[in-house]
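Descriptive analysis of the structure
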Amino acid sequence: MNTRFLLFSISFLALSLSAKAQLMTDKNEFTQQDTLRGSITPERSWWDLTYYHLDVEIAPDKKFISGKNTIQYKVLEHQSVMQIDLQEPLKITKVTQNGKSLKVVQNGNAHFVYLKKKQEIGKTNSIEVYYEGHPKVAVKAPWDGGFSWKTDKNGNPFVATSCQGLGASVWWPCKDHMYDEVDSMDISVTVPKGLMDVSNGQFAGKTENETSTTYNWTVKNPINNYGVNANVGDYVHFTEIYDGEKGPLKMDYYVLRDNLEKAKEQFKQAPKMMKAFEYWFGPYPFYEDGFKIVETPYLGMEHQSSVTYGNGFKNGYLGRDLSGTGWGLKFDFIIVHESGHEWFANNITYKDAADMWIHESFTNYSESLYLEYYFGKEAASEYVIGIRKNILNDKPIIGPYNVNKEGSGDMYYKGANMIHTLRQLIEDDEKFRNILRGMNETFYHQTVTTQQIENYISKQTGYDLQQFFDQYLRTTKIPTLEYSINNKELKFRWTNIVEKFDMPVLVSLNGKAQWIYPKADWKTIPLDGSENTFKVDPNFYIETKKL
Ligand SMILES: [Zn+2]
């Protein structure tokens, strides 16, 4: 998601016993609940998720949900206590294994389930977790998410879930940590007759009950927790087959009845997006699950194979250009940005929220790659340079580990500019594209750490990028190139850098492009002539200071 609006409305809520994890808040004190939520506790590490069947009924008139989640897992160690997460005010009413009720000890949002059956290593077992209640209402979806209980213009319920950061346990019981993804999932959502639920993956049929309808969806690929969603409304549907890198891809669109014509026009950008991103990143990572855009009463989110959309069928970010260059109005921000996350967030997923830049920096850069594909390199450069005005350098991009907390919102604009700078160093567009595609192949359907991404890029480029990543991801300092120039010489050095930072820079010296290799100590290039000129390539995200 994009952080821009939040900058105006950051509120710091007093810490309570329960974990608060809205995205992009200033929180810097953490509780035991944050650790239970954000770390791989002993009650999580001994079992490996294999499958979920979430079966839930949503009652918009009462703002009430009830149902169960079947959690299937493989035993990795001999243990007997399992941590299942579900956030208050929702209540777990019963947990069973092989039909027997189990003891559950609650600690805030963490529920410790005491298994009776011997857990044999290598065996696959399952539990059923029954639950119900009035789930948290979204305050400002999707950043401060939960349930958005809205109505459409015709008075029909229009309901959606969103939970990145906060976690899926805000609306269903699960192992709410990103390191472990299920291999596949079924989602059954029961809604009042006349309404439709759209969730992730392919439609697998519906069942008519007396006063309700159950919609079944099946996800054949690993899926992250926050990617799972339910959207309920008076939806109409249209579809197309996209001829993609891996063959025919089913692309489905679900919008409110009154918006069908607008959507048919605006969503022509979806296959265009698919074409550009398959070129840059490789095949769409979830062919078996299809691709969907689903209208929601909030701005949008990268729900896996079910991108949600509330951008008003207009180009830009709610009609605005975040770059101030005009290029941001050439595409629908939500279609492009949220779909870019199918590669960076849903295919390659962070293990710990501290590493959320892996999702947002690459996806933010995907916006300029989309522009490059259709409007050329200059347009793309102008866009990524334009978004620099949104960088705050308030705190490092990487956040604190093991407490479910992401780093600075700079992971968007600064992260994109870091990647753009890296691309200048690589100086080979084909190689750069192969790195992006290679990442999506190497880390296909995996959860990863920053270290893995850094190592991969260092290896592929052949450069030691340790200081480069330290500088941009772990400090708020912008490398500053100090220089002086006269008729005899050019002098330059790096300041405001981490130790051993020695990034080369492409400059124009007397109108001629050349690389210089600054370090912390002064370096000199002898010159002759009286009219020497010097300019740094603006594609580098650095500062310059003429002495
Ligand atoms: Zn995003």
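Look up: the structure comes first, before these words.
Reference entry: report on the structure contained in this document. (Residues numbered from 1 in each chain as written. Predicted model: local features only at pLDDT ≥ 70, side-chain atom pairs only at ≥ 80, totals over all residues. Heavy atoms only, no water.)

1. A short note on the overall build of the chain
Looking only at helices and strands, one finds eleven helices and 29 strands in the chain. Taken against the 2.2 N^0.38 rule, which gives 24 Å for 547 residues, the C-alpha radius of gyration of the chain at 25 Å falls within 12% of a compact globule. When its C-alpha atoms are laid out on the principal axes, the chain stretches across 90 × 55 × 45 Å. Across the 547 residues in the chain, those meeting the buried criterion constitute 60%. Summing over all exposed atoms, the chain offers an accessible surface of approximately 21,000 Å²; the carbon and sulfur share of this is 50%. Seen as two clouds, the 61 positive and the 68 negative side-chain charges of the chain have centres 2 Å apart. (Helix = DSSP H or I, 4+ residues; strand = E, 2+ residues; numbered from the N terminus. Rg over C-alpha atoms; globule rule 2.2 N^0.38 Å. Buried < 20%, exposed > 50% of the residue type's maximum accessible area, 1.4 Å probe, protein only. Areas by Shrake-Rupley, 256 points an atom, 1.4 Å probe, with all protein chains shown as cover. Lys, Arg positive; Asp, Glu negative; His and termini not counted. Charge placed at Lys NZ, Arg CZ, Asp CG, Glu CD.)

2. Quick notes on the environment of Arg257
On the secondary structure map, Arg257 appears in the loop between strand 17 (247-256) and helix 3 (260-266). Residue classification places Arg257 among the partly exposed positions, given a relative accessible area of 47%. On a C-alpha basis, the gap between Arg257 and Ala21 in space is 34 Å, while along the polypeptide they are 236 residues apart. Once residues lying within four places of it in the same chain are set aside, the contact partners of Arg257 are Asp234, Tyr235 and Val236. Side-chain polar atoms of Arg257 contact the side chain of Asp234, separated by 2.9 Å. (Contact = heavy atoms within 4.5 Å. Polar contact = N/O pair within 3.5 Å; in protein donor to acceptor, adjacent residues only side chain to side chain.)

3. Some thoughts on the layout of surface pockets
A volume near 260 Å³ is recorded for the largest pocket. Lining the largest pocket are 13 residues, and of these Leu425, Tyr463, Asp502, Met503 and Pro504 lie nearest its centre. In terms of residue class, the lining of the largest pocket is made up of nine nonpolar, one polar and three charged. The computed volume of the second largest pocket comes to approximately 220 Å³. If you trace the second largest pocket, you find 17 residues lining it, with Asp152, Lys153, Leu256, Asn259 and Glu295 closest to the centre. (1 Å grid on protein atoms, 1.4 Å probe; cavity = no way out; pocket = protein on both sides within 12 Å on 5 of 7 lines; lining within 4 Å. Points joined across faces, edges and corners; volume = space filled by probe spheres on them. Nonpolar A, V, L, I, M, F, W, Y, C, P; charged D, E, K, R; others polar.)

4. Some remarks on the sheet that holds strand 7 (residues 110-114)
Pairing in this open sheet of three strands is antiparallel, and the strands run 3-7-6 from one edge to the other. Two strands close off the open sheet at either side, each with one partner strand: strand 3 (81-85) and strand 6 (103-107). For this sheet, the mean angle separating the axes of adjacent strands, direction not counted, is 25°. One ladder, built from five bridges, connects strand 6 with strand 7; its direction is antiparallel. The residue bridging Val105 from the neighbouring strand is Phe112, located in strand 7. (Pairing = 2+ DSSP bridges. Axes fitted to C-alpha atoms, helices over the stretch in contact; angles between N-to-C directions.)

5. Section: helix 7 (residues 377-386)
Residues that lie three or four places apart on an α-helix share one face, since the helix turns once every 3.6 residues. Every buried residue of helix 7 is listed here: Ala379, Ala380, Ser381, Tyr383, Val384 and Gly386. Close packing links the buried residues of helix 7 with helix 5 (333-340), helix 6 (357-375) and helix 8 (413-426).

6. Concerning the packing of helix 5 against helix 6
Direction vectors running N to C along helix 5 and helix 6 enclose 135°, while the axes themselves pass 8 Å from each other. Comparing the axis directions of helix 5 and helix 6 gives the class oblique. With respect to the hand of their crossing, helix 5 and helix 6 are arranged in right-handed fashion. The residues of helix 6 that touch helix 5, namely those facing Phe333, Val336, His337 and Gly340, are Glu360, Thr363, Asn364, Ser366, Glu367 and Tyr370. Looking at the contact of helix 5 with helix 6 residue by residue, the classes come out as three nonpolar, five polar and two charged. (Parallel < 35°, antiparallel > 145°, perpendicular 65-115°, else oblique. Left-handed = near helix turned anticlockwise from the far one by under 90°.)

7. Details of the sheet that holds strand 26 (residues 512-516)
The strand order across the open sheet built from three strands is 26-25-28, with neighbouring strands paired in antiparallel fashion. At either margin of the open sheet sits one strand with a lone partner, and together these are strand 26 and strand 28 (534-536). The sheet shows a mean angle of 35° between the axes of neighbouring strands, taken without regard to direction. Across three bridges, strand 25 (residues 505-509) lies against strand 28 in antiparallel orientation. Its bridge partner lying in strand 28, Ser508 is registered against Lys535.

8. Looking at the side chain of Thr96
As for its placement among the helices and strands, Thr96 is situated in strand 4 (residues 91-97). On the accessibility criterion, Thr96 (7% relative accessible area) is buried. For Thr96, the side chain forms a polar contact with the side chain of Glu128, separated by 2.6 Å. Aside from chain neighbours lying at most four places away, what touches Thr96 is Ser101, Leu102, Ile127, Glu128 and Tyr130.

9. Topic: the state of the cysteines
The tally for this structure, following the rule as stated, stands at zero disulfides. For Cys163, which is in no disulfide, the shortest distance to another cysteine sulfur is to Cys174 and amounts to 8.2 Å. Accessibility expressed as a relative area gives 0% for Cys174, which makes it buried. (Disulfide = S-S within 2.5 Å.)

10. Digging into the environment of Ile453
Looking at where Ile453 falls in the secondary structure, it is placed in helix 10 (residues 450-461). On the accessibility criterion, Ile453 (0% relative accessible area) is buried. Through-space distance from the C-alpha of Ile453 to that of Ile358 is 8.0 Å; in sequence the pair is 95 residues apart.

11. Details of the packing of aromatic side chains
Taken as a whole and judged by the stated rule, the model has 45 aromatic pairs. Their ring planes at 55° and their centres at 6.1 Å tell us that Tyr284 and Tyr287 sit as a pair that is tilted. Of the two residues examined, Tyr284 and Tyr287, each falls in the buried class. Considering the side-chain rings of Tyr370 and Tyr374, the 5.1 Å spacing of their centres and the 55° angle between planes classify their relative orientation as tilted. Highlighted residues: Tyr370 and Tyr374, both in helix 6, separated by four residues, approximately one helical turn. (Phe/Tyr/Trp six-rings, centres within 6.5 Å; stacked < 30°, edge-to-face > 60°.)

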